[in-house]
Amino acid sequence: MENWVKRYVIFTSFLEIVLAAVGFFLLPQMTSMVFIVPILFAAVGIIGITFLKKPKYEKIIKFSSAFMLVNMLKLFACLIFFVVVYINLQQEQKVVFVVTFMVLYFAFAILDTIELLKIYKKQ
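Predicted model only: the values in this text are computed from it and were never measured. Each chain carries its own residue numbering, running from 1 in the direction its sequence is written. At least 70 in pLDDT is required for a residue's local features to be given in this predicted model, at least 80 for side-chain atom pairs to be given and counted, and no such filter applies to totals for whole chains, interfaces and linings, which use all residues. The basis for every side-chain value is the complete set of non-hydrogen atoms in the structure, without hydrogens or water.

(A) Up close: a nonpolar patch on the surface. Here the term patch refers to residues with relative accessible area over 30% and no salt bridge, with like charges joined within 9 Å and nonpolar side chains (Val, Leu, Ile, Met, Phe, Trp, Tyr) within 5 Å. Surface accessibility follows the Shrake-Rupley procedure with a 1.4 Å probe radius. Residue values consider only the protein chains on display as shielding. Counted as salt bridges are all cases of a side-chain nitrogen of Lys or Arg within 4 Å of a carboxyl oxygen of Asp or Glu. A cluster of nonpolar side chains, namely Phe51, Leu69, Met72, Leu73, Phe76, Leu79, Val83 and Ile87, defines an oily patch on the protein surface of about 750 Å² accessible area. Each helix is a run of H or I in the DSSP string that is no shorter than four residues. Each strand is a run of E no shorter than two, and both are numbered from the N terminus. Broken down by element, the nonpolar patch gets its largest block of residues, seven residues, from helix α3 (residues 60–88). Given a relative accessible area of 44%, phenylalanine 76 falls into the partly exposed group. Each residue's exposure class comes from its accessible area (1.4 Å probe, protein chains only) as a fraction of the maximum for that residue type: buried when under 20%, exposed when over 50%, partly exposed otherwise.

Set out below in structure tokens:
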């Protein structure tokens, strides 16, 4: 297993522990779907980085186009998940889910960028 995948798994595990603690102590109305979100983001992020890492992009324009395509596909996949879950939640759970989803989305977007920078600096 590569180092960046290990960091992804560790980061995801840490977020799961933090979510469990916050849900247990502060937000009892937190839905169980919130715990699936980091796993979804980690899986989508690992697939995206693997896709971007495979070919060697000689020109920055090809890499930036591939990067934008991967991010757009990740955004649509997460949006579909979000809409399906949001529709099925009870009213008191919706705000907690939206805030948690947004925070985790940005956290994993930052992690994706950091890991890609580390990979391309080594090359």
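(B) View of the packing of aromatic side chains. Geometry of aromatic contacts follows a simple scheme: Phe, Tyr and Trp rings, the Trp one being its six-membered ring, pair when their centres are within 6.5 Å, and the pair is stacked under 30 degrees between planes, edge-to-face over 60, tilted otherwise. Tallying each qualifying case throughout the model produces twelve aromatic pairs. When the centroid spacing of 5.0 Å and the interplanar angle of 50 degrees are considered together, the rings of phenylalanine 82 and phenylalanine 101 count as tilted. Taken as a pair, phenylalanine 82 in helix α3 and phenylalanine 101 in helix α4 (residues 91–122) lie far apart in primary sequence, 19 residues in all. As far as the burial class goes, phenylalanine 82 and phenylalanine 101 line up, both buried.

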